[in-house]
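# Inside the fold
Below, each chain spelled out in residue letters.
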Amino acid sequence: MHSASSPGLASGIATLILASACGNLSNDDIAFVEAIPQKQQLHVNVPQGSTSQNLCALGPADMFTSAKTTGVSINAGVDAILELVDAIRAVTPTSRGEDSRTWGPFQDRDHPDVRIKVVMVRELDKTLTPWRWIYTISGAKAAGPFLPVLEGEFFGAQARNGVGRLTMHFENTTSLGINKPTDPTFPARIHYDLSGDPHTISLDLTAGVNAFGLISFDYWFAGYADGHGQFDYAFPDPKNGCTNFVTTFFNAQGAGRDVFRARCGAITYGDVKQCWDPAGCLTFVNDPFALTIACLGIIPPCILGSLAQCPAGL
Amino acid sequence: MTFARALCAAALLAAFPALAEARRFALVVGDAKGGAGTRPLRYAERDARRMHAILTRLGGVRPEDARLLTAASADEVRAALADLSARAEQAKARGDETVLLVYYSGHAKDGDLRLGDTRMSLVELRDALRNAPADVRIGLLDSCQSGAITRAKGVRAAPAFDVQQAQAASTRPRGLVLIASSSADEESQESDDIGASFFTHYLASGLLGDADSSGDGKVTLAEAYTYAYARTVGETAETRAGAQHPVYLYDLGGAGDVVLTELAPARGSLVFPAGAEGVYVVLDGSRRAVAEVAKPRGDQRRLALAPGDYVVKKRDGDTLLVGSFSLADAPIEIADARLARRPLSEDPQKGPSGPRWSLLATGGGQFFFDSAARNGLFPPAALAGAEIAVRDDLGHDLAWGLDLSVGGGKATLTLPGVTPIPERFLELTGGASLWRDFPIGDSFTLSFGARVAFIYLARTFDNRPDLPSQNFFTLTPGLQTAFGWRFSERWSAVARGRVNYLFYNVDKAQNLGYAEFALGVDYAFGF
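Residues numbered from 1 in each chain as written. Chains lettered and ligands numbered in written order. Predicted model: local features only at pLDDT ≥ 70, side-chain atom pairs only at ≥ 80, totals over all residues.

Looking only at helices and strands, one finds eight helices and 30 strands in chain B. Scored against the burial criterion, the 527 residues of chain B give a buried share of 46%. Contacts in chain B between residues at least 24 apart in sequence constitute 68% of all its contacts with a sequence separation of at least 6. (Helix = DSSP H or I, 4+ residues; strand = E, 2+ residues; numbered from the N terminus. Buried ≥ 20, exposed ≤ 12 C-beta atoms within 10 Å, placed from the backbone. Contact = placed C-beta atoms within 7 Å.)

Listed below in structure tokens is the structure:
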């Protein structure tokens with residue numbers, strides 16, 4: 001009896017020791033989380049410049065003002081998309097594979113009839129270094145199939161200096177009933193390249209008409225480490241019913257220049273060129289069609305200021 | 001019983017006063033500490049309590065006439081002695097026969113009793129006893145070099161009183177008897193095996209009945225001394241300190257001996273029949289020795305023990321005979337046939353001193369052997385902790401302890417292609433240990449043992465609030481060793497090392513090992 005019970009006791013102790021191990025202390029979890037972009041990493045950062053535009057000789061740089069407001073709208077859209085991704089960070093994975101993590105399925109807090117599942121997979125190169133990360137957030141209503149809500153792909157080791165893309169399937173959030181009233185109903189795509197200088201971020205809203213207060217356009221932003229950058233955007237001009245397509249260049253101090261075209265119905269006018277100083281005041285305008293506020297009442301072509309007043313290097 | 005002994009017993013019964021006829025006073029002093037230059041004694045106070053219990057239960061000393069002093073100062077002893085002397089004088093004035101007995105267990109050195117940091121000279125004690133108003137004054141000293149108290153006159157390192165000479169007198173005994181556990185140049189020894197000083201243990205065993213060689217149910221001073229002398233010398237002959245020889249000063253006038261204990265009033269007793277033979281050790285409910293019976297074949301012996309549960313054991317070759325008995329009013333016969341045979345490893349006798357508690361404060365570190373595990377998961381940590389330990393509770397030189405440590409530190413998590421991530425981690429660990437001490441000389445101890453612990457780790461990323469905090473908990477078995485150096489009575493310096501096994505299962509199943517090193521100081525609460 002004695003000799004028979006000892007192995008059983010030892011086995012029991014060993015089982016207890018093995019079973020007692022618990023927690024979420026994981027380097028790999030951190031590695032997975034590091035591959036997920038954060039909101040602020042994908043934000044458009046347009047210099048705010050000065051607000052004393054009423055004192056400008058040639059008038060305020062209204063195009064640059066629209067760049068800032070458009071940037072705010074883009075950031076709101078990015079935040080709406082990454083909100084779901086951010087939720088992953090705070091939650092311990094439900095299961096772990098050697099190169100995968102799964103969260104859920106669990107009930108959506110605001111929509112109890114919807115189950116949410118997140119799967120993240122990594123691929124390793126020959127040196128066992130991760131080079132590609134794929135993640136999918138999907139949702140299912142009742143016993144229905146899981147529909148992708150967000151798909152992402154990332155190349156690199158950490159989002160802050162890698163290349164990736166995200167597709168937010170607002171058409172599926174709509175069908176699942178988990179969308180917000182202000183959300184679009186078509187896919188929105190984000191592409192980002194944070195691997196070098198500049199960092200580039202694009203928000204592609206060409207799959208639909210309007211989203212986040214923005215019109216259908218492939219918005220593109222490039223920001224350099226020294227603060228200067230480029231921003232391509234579009235916005236409707238309520239004064240004349242035209243749509244402006246703008247390419248803006250700016251420096252860290254807020255001075256800049258832009259080139260834009262205005263599409264009014266079937267006719268496109270352009271190119272209009274403007275420069276402004278850090279105070280947000282126009283320093284040069286070349287408006288062949290006198291479309292801009294600064295050229296109101298002037299017989300085209302409208303040329304104001306001096307080209308030499310444009311910021312150097314842009 | 002031999003014819004001579006029977007005759008002697010009959011004579012004593014006729015000549016000596018019964019216990020009830022004399023008013024007896026007892027001062028019992030036990031002090032473990034002897035001040036500077038001495039090591040604390042483990043059993044002095046326990047010895048005193050044993051003697052106090054025997055004297056009040058079997059020795060005819062009324063509880064109100066007994067004083068038990070432990071950890072008392074010399075002045076407190078003087079005061080108690082003066083108080084009892086005064087009471088004895090009052091009793092004597094009323095016509096009572098009076099006996100004053102002083103028992104002391106503790107340190108003695110350079111002619112002084114050491115009572116903590118105070119002293120009382122042997123000469124002072126002897127003179128106090130000599131001048132005490134009681135008819136018979138008895139001093140029983142169990143301390144090193146206590147034989148010096150008998151130097152004044154009549155010292156006789158001999159096995160027994162000359163009872164026959166005393167019997168020749170016609171009156172009751174009067175005078176002074178001093179008995180010391182060792183001679184003036186000897187150490188009195190304690191024994192971890194029996195959990196007492198040798199002398200007191202055998203004196204107590206004798207007083208409980210094993211010294212009743214006459215078989216008359218009374219243990220006289222002569223019987224007790226003869227018994228204690230023989231057993232003490234015999235049992236200490238093989239010790240490292242060498243044989244210990246009790247001595248006595250005998251200055252009794254009048255007739256005969258003094259009865260120290262009377263077995264008859266005892267409600268129950270363990271009776272060892274004539275057929276029993278060998279050394280029987282009686283353990284109390286806490287498995288510590290309370291008496292021994294060295295039993296020759298042919299005599300019957302009786303131990304007048306207090307009611308209670310006892311275990312009797314007897315070594316028989318390579319095995320033990322063990323039996324449990326519940327003693328009440330009726331005597332219980334202890335025969336080998338009633339004892340169960342057990343292997344020596346199942347000796348029921350515990351570490352004799354009782355649990356010895358100590359508190360260890362440590363500071364040290366922890367280090368995982370696997371370099372990958374050290375990367376962020378289990379970085380080297382600094383730990384500060386405390387351990388409460390209990391020695392001689394589960395067995396001689398066995399100890400167990402409970403420990404708790406907290407610590408942590410800062411580290412950097414390095415992942416391929418990822419900017420290093422600073423982290424701060426907290427660790428809490430605690431466990432239960434069981435180990436064995438191996439004393440090396442008087443001051444050093446080496447120990448080896450095992451431990452089962454828990455470990456809890458939590459880490460946060462200070463500069464990265466976006467990263468979630470993480471934690472891990474598990475049980476970790478391990479081995480430990482320690483080296484201790486006792487640099488004062490109660491304080492020791494300890495260096496300790498542990499190796500532990502840890503099963504990690506979050507990223508993947510891994511068997512990990514780690515070491516802990518600590519330095520600390522240990523404070524012993526008791527001896």
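So, on to the sheet that holds strand E21 (residues 332-333) of chain B. All names here are of chain B. Strand order across the open sheet formed by three strands is E18-E15-E21, with mixed pairing between neighbours. At either margin of the open sheet sits one strand with a lone partner, and together these are strand E18 (301-303) and E21. In this structure, strand E15 (residues 270-272) lies alongside E18, joined through three bridges in antiparallel fashion. Pairing of phenylalanine 272 across the sheet is with arginine 301, part of E18. (Pairing = 2+ DSSP bridges.)

The phi torsion of most residues other than glycine is negative, and most of the peptide bonds are trans. Residue and element names in this part refer to chain A. For the bond running from glycine 104 to proline 105, omega is 10°, close enough to zero to count as cis. The residue after aspartate 197, namely proline 198, is reached through a cis peptide bond having omega 15°. Secondary-structure assignment places proline 198 in the loop between strand E8 (187-193) and strand E9 (199-204). The backbone of alanine 290 sits at a positive phi, close to 50°, despite the residue not being glycine. The topology assignment puts alanine 290 in the loop between strand E17 (282-287) and strand E18 (302-305).

Residue and element names in this part refer to chain A. For chain A, per-residue confidence averages 88 on the pLDDT scale, and 96% of positions sit at 70 or higher. Taking the mean pLDDT of every element in chain A, the minimum, 67, falls on helix H1 (residues 2-20) and the maximum, 95, on strand E12 (residues 218-223). Note on residues 1-5: pLDDT under 50 across the span, and zero contacts to partners over four residues away in sequence or across chains. (pLDDT = per-residue confidence, 0-100.)

The next subject is the packing of helix H2 (residues 44-57) of chain B against helix H6 (residues 198-210) of chain B. Working note: a packed helix pair is described by the angle between its axes plus the distance between those axes. All names here are of chain B. Between H2 and H6, the least distance of the axes is 10 Å, while the angle of their chain directions is 15°. Here H6 runs roughly parallel to H2, going by the angle between their axes. For the pair H2 and H6, the crossing hand works out as left-handed. Of H6, the residues touching H2 (which contributes Asp47, Arg50, Met51 and Ile54) are Thr200, Ala204, Leu207 and Leu208. Residues of the contact of H2 with H6, tallied by class, amount to five nonpolar, one polar and two charged. (Axes fitted to C-alpha atoms, helices over the stretch in contact; angles between N-to-C directions. Parallel < 35°, antiparallel > 145°, perpendicular 65-115°, else oblique. Left-handed = near helix turned anticlockwise from the far one by under 90°. Nonpolar A, V, L, I, M, F, W, Y, C, P; charged D, E, K, R; others polar.)

Here we take up the packing of H6(B) against helix H7 (residues 221-236) of chain B. All names here are of chain B. Contact pair H6 / H7: the axes reach a minimum separation of 8 Å and the direction vectors enclose 140°. With respect to H7, the element H6 is oriented oblique. The two elements H6 and H7 cross, and the hand of that crossing is right-handed. Here Phe198, Phe199, Tyr202, Leu203, Gly206, Leu207 and Asp210 of H6 come into contact with H7, specifically with Glu223, Ala224, Tyr227, Ala228, Arg231, Thr232, Glu235 and Thr236. Looking at the contact of H6 with H7 residue by residue, the classes come out as eight nonpolar, three polar and four charged.

Moving on, we come to the interface of chain B and chain A. Taken together, the contact pairs 27 residues of chain B with 25 residues of chain A. Where the side of chain B that touches chain A is concerned, the elements lending two or more residues are strand E27 (444-460), strand E28 (470-486) and strand E29 (491-504) of chain B. It is E28(B) that provides the largest number of residues to the side of chain B that touches chain A, a total of seven residues. Of the residues contributing to the side of chain B that touches chain A, the split by class is 15 nonpolar, eight polar and four charged. Relative to E28(B), strand E1 (residues 22-23) of chain A is paired through two bridges, and the arrangement is antiparallel. Across the sheet, the residue bridging to Cys22(A) is Phe473(B), located in E28(B).

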